[in-house]
Amino acid sequence: MKFLIEYIGTIFKSLGSLWNGMRLTLYYFFHPKEIHTQQYPDNRDTLTLGERFRGEVVMPHDENNEHKCTGCTSCELACPNGTIKILYKNVVDETTGKKKKAIDEFVYHLGMCTFCNLCIIACPTDAIKMSHDFEHSTFDRKSLTKILNKPGSKLMKGVE
Amino acid sequence: MIDKEEIEDLTQAHEEDFILNVGPQHPSTHGVLRLKIKLQGETVTHIEPHLGYIHRSIEKMCEASSYRNFIYLTSRMDYLSAHMNNQACAMVVEKGLQLEIPKRAKVIRILMSELTRLASHQLWWACTGLDLGATTPFFVGFRDREVILDIFDETCGSRLTMDYNVPGGIMFDIHPNFQKNVHAFLKGFKKNLPEYHQLLTGNVIFQNRTKGVGYLSPEDTISFGCSGPTARGSGVSCDIRKWQPYDGYEDVQFNEVLETAGDCYARYLVRMREMEESVKIIEQLIDNIPEGDFQAKTKAVLKLPKGEFYSRVETARGELGVYLVSDGTSKPYRMKFRSPNFSNLSALREIAVGGKIGDLVANMAMLDLVIPDIDR
Ligand code: SF4
Ligand code: SF4
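Residues numbered from 1 in each chain as written. Chains lettered and ligands numbered in written order. Predicted model: local features only at pLDDT ≥ 70, side-chain atom pairs only at ≥ 80, totals over all residues. Heavy atoms only, no water.

Considerations on the overall build of chain A
Okay, step 1: Counting its regular elements, chain A contains 3 helices and 7 strands.
Okay, step 2: Ordered by position in the sequence, the α and β elements of chain A form the string α-β-β-α-β-β-α-β-β-β.
Okay, step 3: By principal-axis analysis of the C-alpha atoms, chain A measures approximately 105 × 30 × 30 Å.
Okay, step 4: Across the 160 residues in chain A, those meeting the buried criterion constitute 31%.
Okay, step 5: For chain A, the share of sequence-separated contacts (at least 6 apart) that also reach a separation of at least 24 residues comes to 69%.
Okay, step 6: Total accessible area on chain A stands at roughly 11200 Å², and carbon and sulfur atoms take up 59% of it.
Okay, step 7: In chain A, the 21 positive side-chain charges and the 19 negative ones have mean positions that sit 5 Å from each other. (Helix = DSSP H or I, 4+ residues; strand = E, 2+ residues; numbered from the N terminus. Buried < 20%, exposed > 50% of the residue type's maximum accessible area, 1.4 Å probe, protein only. Contact = heavy atoms within 4.5 Å. Areas by Shrake-Rupley, 256 points an atom, 1.4 Å probe, with all protein chains shown as cover. Lys, Arg positive; Asp, Glu negative; His and termini not counted. Charge placed at Lys NZ, Arg CZ, Asp CG, Glu CD.)

As structure tokens, this is what we get:
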């Protein structure tokens, strides 16, 4: 008899706890405003990311197609996994007429980047920064190797 | 893929024995862990974890990178406690350099650690629910975790592998909205925590599946080197934050959560109450972040003196130890990580053998394993 009462008691207790959980589920079912889910990618236009968000490394250019990278390789040395490679060329300085080194290609292997921000911190001239673009998937692995300086770009005047 | 040793194992098996592979792609192992289980009927008679499916030789990679760089590899060990891993590594370098970091950096580090712990426990809670057959907790847990991840996103720049520690402090100052957002999170979370208990803790099915299941004695806990909530569920006091306070934990008031039952339910309760303690720590510090620098001045190239250095932190899963041998150059001579999950996994045999196969999932869930941390 005692066993039976206990058994039936457990059934009611279980039903009670089940209802407890289900009540919450039903609450959210009828209060869709309190749900936090975002409808990505439909909300691409309204998506807001933190200003420090690390998407990928980019090199901003101004309207004269000039960048601030002097080719000092601080970023290349700071990078933990060899993501950045800087190739040089010789250019003639317009004012003094002397030959000097300048960057030819700033090669960035996106596929190897861990987004640690060390290169950005290391750069003395703030020539590179993190963009907010995070949709990196691609069908071709080659497209992950990027050249950050635009073709024909030059060093900005006054940046040493 | 069956190797020779396994064939021997299989031939030695008793006729009624049944050998079962769980993993490496089983959802309840939360990663690429493979368990070889010997069953007699429904009873587990032997468990053998097989590792190596996600080995990336992080220790060796650390030896090839400089003292500034190796920190960021360790985010990929226990990715749910990425900040604590980074903190341990930054601390070991600071110990070598005998660098005192600014008060502000310390407080922000603790705040971030506790937020990471909360996020990690919330994820664990969500997945535990799912493992044991409840779907709603999964979404409820992720809902609150999302708020923390947004805070990380704003201040650190990324959501999971935050990479916020540098030798000498933290990478940038906190975002102006940081305090406001943390307050908003705390308010929401304190309102939601009873919901957690309502959904899972009080559920009779959940209690029946965890109470008295997977007993781990305090003696075994110590002999296997378990730490974190796994050990504290068996009544072994091992909180590094209490025993060897680092980065200013000595100045905050909080209790070490201990349960003595040693079963799955006890481990569950430890984590749930740890969340409350984390909230307490954050509440004490969030309005008292001291002014000043957030980073100590360091040289561009760090060189540690010859010698051995060790630092330990309490991650969300237990004690992480970082052992570093320096030969005086700019790269570590030897790195060794003592990861909490590896030791906790070794106790799985003690916990699950003798129990039913159905309870294995509950046992695994309450160990809260992160496999990349085991393999490194
Ligand atoms: S973010 Fe880190 S990994 Fe990526 S290029 Fe910069 S330093 Fe290298
Ligand atoms: S990006 Fe900055 S750190 Fe890198 S080479 Fe150019 S100037 Fe130097």
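Remarks on the overall build of chain B
Okay, step 1: Across its full length, chain B carries 15 helices and 8 strands.
Okay, step 2: Taken over the C-alpha atoms alone, chain B extends approximately 70 × 50 × 35 Å along its principal axes.
Okay, step 3: Sequence separation of 24 or more characterises 70% of the internal contacts of chain B that already satisfy a separation of 6 or more.
Okay, step 4: Taking the 43 positively charged and 50 negatively charged side chains of chain B as two groups, their mean positions are separated by 5 Å.

Focus: the sheet that holds strand β4 (residues 99–109) of chain A
Residues and elements named next belong to chain A.
Okay, step 1: Spatially, β3-β4-β6 is the arrangement adopted by the 3 strands of the open sheet, whose pairing is antiparallel. Each edge of the open sheet is held by one strand with a lone partner, namely β3 (84–92) and β6 (145–147). With strand direction ignored, the average angle separating the axes of adjacent strands in the sheet is 30°.
Okay, step 2: Of the pairings in the sheet, the one linking β4 to β6 comprises 3 bridges and is antiparallel in character. (Pairing = 2+ DSSP bridges. Axes fitted to C-alpha atoms, helices over the stretch in contact; angles between N-to-C directions.)

Some points on the interface of chain B and chain A
By a widely used convention, the size of an interface equals the accessible area lost when the partners come together.
Okay, step 1: Listed by partner, the interface residues are 26 residues for chain B and 27 residues for chain A.
Okay, step 2: Interface area, chain B with chain A, both sides summed: about 2200 Å², of which 56% is carbon and sulfur.
Okay, step 3: It is N69, Q198 and V204 of chain B in chain B that bury the most area against chain A; as a group they hold 24% of the surface buried on that side.
Okay, step 4: At the boundary of chain B and chain A, one finds 1 salt bridge.
Okay, step 5: One salt bridge in this structure joins R54 of chain A and D163 of chain B, with 3.9 Å as the shortest N-O distance.
Okay, step 6: For the interface between chain B and chain A, the tally reads 8 residue pairs in polar contact (both at pLDDT 80 or more).
Okay, step 7: When contributions to the side of chain B that touches chain A are tallied by element, the ones reaching two or more residues are α5 (136–156), α6 (178–201) and α7 (204–210) of chain B.
Okay, step 8: Considering every element that reaches the side of chain B that touches chain A, the biggest residue donor is α5 of chain B, with 6 residues.
Okay, step 9: Residue composition of the side of chain B that touches chain A, by class: 9 nonpolar, 9 polar and 8 charged. (Buried area = accessible area lost by both parts, 1.4 Å probe. Salt bridge = Lys/Arg side-chain N within 4 Å of Asp/Glu carboxyl O. Polar contact = N/O pair within 3.5 Å; in protein donor to acceptor, adjacent residues only side chain to side chain. Nonpolar A, V, L, I, M, F, W, Y, C, P; charged D, E, K, R; others polar.)

A look at the site of ligand 2
Okay, step 1: Around ligand 2, 14 residues are found, and the nearest of them are C69, C72, T73, C75 and C123 of chain A.
Okay, step 2: Among the residues forming the shell around ligand 2, the class breakdown is 9 nonpolar, 5 polar and no charged. (Near = heavy atom within 4 Å.)

Observations concerning the nonpolar core
Residue and element names in this part refer to chain B.
Okay, step 1: Counting residues in each nonpolar core, the largest one holds 85 residues, and the members touching the most others are F70, L115, W125, Y164, F178 and Y268.
Okay, step 2: In this structure, L115 is in contact with I148, I151, F152, F178, V182, F185 and I282, ignoring residues within four places of it in sequence.
Okay, step 3: Core analysis: the second largest hydrophobic core is formed by 23 residues, I37, A352, L369 and I374 among them. (Core = buried A, V, L, I, M, F, W, Y, C linked by side-chain atoms within 4.5 Å.)

Side note on the sheet that holds strand β2 (residues 34–40) of chain B
Residues and elements named next belong to chain B.
Okay, step 1: Strand order in the open sheet made by the 3 strands is β1-β2-β3, with antiparallel pairing throughout. The open sheet has two edge strands with one neighbour each: β1 (17–22) and β3 (43–50). When the angles between neighbouring strand axes are averaged without regard to direction, this sheet yields 20°.
Okay, step 2: Looking at chain direction, β1 and β2 are connected through 6 bridges and run antiparallel. Residue pairing across strands places N21 opposite K36, the latter belonging to β2.
Okay, step 3: Taken strand by strand, helix α14 (residues 357–367) contacts β1, β2 and β3, and its axis lies near 150° from that of β2.

What about the environment of K146 of chain A?
All names here are of chain A.
Okay, step 1: Topologically, K146 is positioned in strand β6.
Okay, step 2: Residues K146 and L77 lie 69 residues apart in sequence; the distance between their C-alpha atoms is 18 Å.
Okay, step 3: Ignoring any residue separated from it by four or fewer positions in sequence, one finds K146 in contact with E56, F106, V107, Y108 and L110.

Section: α6 of chain B
Okay, step 1: By the largest-angle criterion, K191 of chain B marks the main kink of α6 of chain B, which is about 30°, and a proline, P194 of chain B, follows within four residues.
Okay, step 2: All of the buried residues in α6 of chain B are F178, V182, F185, L186, F189, N192, L193, E195, Y196, L199, L200 and T201 of chain B.
Okay, step 3: Packed against the buried residues of α6 of chain B are α1 (2–30) of chain A together with α4 (103–131), α5, α7 and α11 (264–286) of chain B. (Bend = angle between axes of the 7 residues up to and from the residue.)

Let's talk about the packing of aromatic side chains
Okay, step 1: Scanning all chains against the criterion turns up 15 aromatic pairs over all chains.
Okay, step 2: It is R271 of chain B that lies over the ring of W124 of chain B; its NZ or CZ is 5.1 Å from the centre. (Phe/Tyr/Trp six-rings, centres within 6.5 Å; stacked < 30°, edge-to-face > 60°. Lys NZ or Arg CZ within 6 Å of the ring centre and 35° of its normal.)

Some details on the site of ligand 1
Okay, step 1: Taken together, 14 residues lie near ligand 1, and C79, C113, T114, C116 and C119 of chain A sit nearest.
Okay, step 2: Looking at the shell around ligand 1 residue by residue, the class counts come to 10 nonpolar, 4 polar and no charged.

A short note on helix α3 (residues 82–97) of chain B
Okay, step 1: Over its 16 residues, α3 of chain B extends 23 Å from the first C-alpha to the last, a length consistent with the 22 Å expected when each residue adds 1.5 Å.
Okay, step 2: Two residues or fewer after α3 of chain B comes Q98 of chain B, characterised by a positive phi angle close to 55°. (Expected span 1.5 Å × (residues − 1).)

As for the confidence of the model for chain B
Okay, step 1: Mean pLDDT over chain B stands at 85; residues scoring 70 or higher make up 95%.
Okay, step 2: Here the prediction assigns the complex a pTM of 0.85, and the interface score ipTM is 0.76. (pLDDT = per-residue confidence, 0-100.)

Regarding the side chain of N86 of chain B
Okay, step 1: Of note, N86 of chain B is situated in helix α3.
Okay, step 2: Owing to a relative accessible area of 0%, N86 of chain B belongs among the buried residues under this scheme.

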